[in-house]
Amino acid sequence: MPVSASIEIAPGVHMPRIGLGTHRIGGDVLVRCVHAAMDAIGDAGVLHVDTASCYNNEAAVGDAIESSSFPRERVFITSKIAPKEMGREKTPRAIDGMLSRLRVDALDLLLVHWPAAAKASPDDRAAHRVARRETWDAMERALAAGKCRAIGVSNYTIDHMTELLAHASVKPAVNQIEFHPRCPQREASAFCRERDIAVVAYSPLGVGALIDDAAVKRAAMAFRCAPATCLIAWALRRGVAVLPKSATPERAKENASLERASDAMDAMGDGDGAEKYCWDPSVVR
Ligand SMILES: NC(=O)c1ccc[n+]([C@@H]2O[C@H](COP(=O)([O-])OP(=O)(O)OC[C@H]3O[C@@H](n4cnc5c(N)ncnc54)[C@H](OP(=O)(O)O)[C@@H]3O)[C@@H](O)[C@H]2O)c1
């Protein structure tokens, strides 16, 4: 089955379906991984890089772009507002900080990283609601000012999304959530699909744990591809974008190949579970 290379997440904003995750990578290693992923993409495509203010690696992403042959318009940059940067005053300052560390005029996609204010207990609903609302309003203003091309959220449950949709002037373009065969997020993705909100799969390899999963290994043998390619294909087949991370340039290159993943997109079964390897936003009220 052919898979489109990108999803139009806002008018004229095309997000590449496969991106490079960068959590816990920085410095020269990150630069080499970005360059390796660019090699896989070749002369025509766009590289999607997923960073965040709390990854402390936006400057290295900027270095990687500056030292590459890819012009700015061939890199799609996502970054995220951290909990400690949420709020009316803090969010605009955080966005300016991102732009200056990345050395770009605008982000392609700006996300709220987590649906909770920093230092408030998970069940402090009032504090989180104010933080979410003020942050989103500031992101809408940044969008209008041309500091980003699209805005969205990450780790939002259906309840958080419903609350946001009730007051947003601009609908979130994406929800970036943990998504893999052990956590297939059927309800969250159906909710997004019905509202034309793109889903972006994070931890698609289960933070590495699924590479050694027996079912994934069997699928990889059957389809004669690497376990990581199987997992990327599994996510692509479900219509989402996917963000595998590797701190190994050869793997970053292998993971970035849409052709390889498309070839592996075959009859891989659906999982039923909700087994998470990352943080769980369902406790945030
Ligand atoms: N919004 C959020 O809250 C959130 C949360 C988590 C993640 N994310 C984003 O999603 C990205 C991916 O998630 P993740 O970093 O949690 O983990 P992941 O991509 O699910 O897994 C990464 C692990 O898989 C290994 N790996 C990668 N490619 C491989 C290959 N071809 N063969 C064998 N092993 C391979 C990596 O090892 P090596 O590095 O040693 O190669 C690493 O240990 C993050 O980097 C970040 O950008 C977002």
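Regarding the chain, the relevant UniProt record gives this comment under Sequence similarities (unreviewed entry): "Belongs to the aldo/keto reductase family."

Caption draft 1: A look at the nonpolar core. If you look at the biggest cluster of nonpolar residues, it comprises 69 residues, and the most contacted ones within it are Ile-81, Leu-107 and Leu-110. For this core, the element with the most residues is helix 8 (residues 227-237), which contributes eight residues. Core analysis: the next-biggest nonpolar cluster, separate from the first, contains 15 residues, Met-15, Phe-76, Leu-109 and Ala-150 among them.

Caption draft 2: View of the sheet that holds strand 3 (residues 19-21). Taken in spatial order, the eight strands of this open sheet run 3-4-5-6-7-8-9-10, and their pairing is parallel. Edge strands, defined here as strands with exactly one partner in the open sheet, are strand 3 and strand 10 (241-242). Across two bridges, the pairing between strand 7 (residues 151-154) and strand 8 (residues 174-178) is parallel. By the bridge assignment, Ser-154 is partnered in strand 8 with Gln-176.

Caption draft 3: Region of the structure containing the site of the ligand. Looking at the ligand, there are 30 residues lining it, with Asp-50, Ser-203, Ser-246, Ala-247 and Arg-251 nearest. Within the side chain of His-113, an N or O atom sits 3.4 Å from an oxygen atom of the ligand. With respect to the ligand, the side chain of Ser-203 contributes an N or O atom lying 2.8 Å from an oxygen atom. Surface burial for the ligand is 88%, taken as the share of its 900 Å² of free accessible area covered by protein chains. In terms of residue class, the shell around the ligand is made up of 12 nonpolar, 13 polar and five charged.

Caption draft 4: Region of the structure containing helix 1 (residues 27-41). When the terminal C-alpha atoms of helix 1 are compared, their 22 Å separation across 15 residues agrees well with the 21 Å that a helix rising 1.5 Å per residue should span. Listed as buried for helix 1 are Leu-30, Val-31, Cys-33, Val-34, Ala-36, Ala-37 and Met-38. Residues of helix 1 that are buried sit in contact with strand 3, strand 4 (47-50), helix 2 (58-66), strand 5 (75-81) and helix 9 (249-255). Where helix 1 ends, the next residue or the one after it, Gly-42, has phi of about 80 degrees, a positive value.

Each value, and the rule that gives it
Residues numbered from 1 in each chain as written. Predicted model: local features only at pLDDT ≥ 70, side-chain atom pairs only at ≥ 80, totals over all residues. Heavy atoms only, no water. UniProt positions renumbered as here; feature names shortened; annotations may be inferred. Core = buried A, V, L, I, M, F, W, Y, C linked by side-chain atoms within 4.5 Å. Buried < 20%, exposed > 50% of the residue type's maximum accessible area, 1.4 Å probe, protein only. Helix = DSSP H or I, 4+ residues; strand = E, 2+ residues; numbered from the N terminus. Pairing = 2+ DSSP bridges. Near = heavy atom within 4 Å. Polar contact = N/O pair within 3.5 Å; in protein donor to acceptor, adjacent residues only side chain to side chain. Areas by Shrake-Rupley, 256 points an atom, 1.4 Å probe, with all protein chains shown as cover. Nonpolar A, V, L, I, M, F, W, Y, C, P; charged D, E, K, R; others polar. Expected span 1.5 Å × (residues − 1). Contact = heavy atoms within 4.5 Å.

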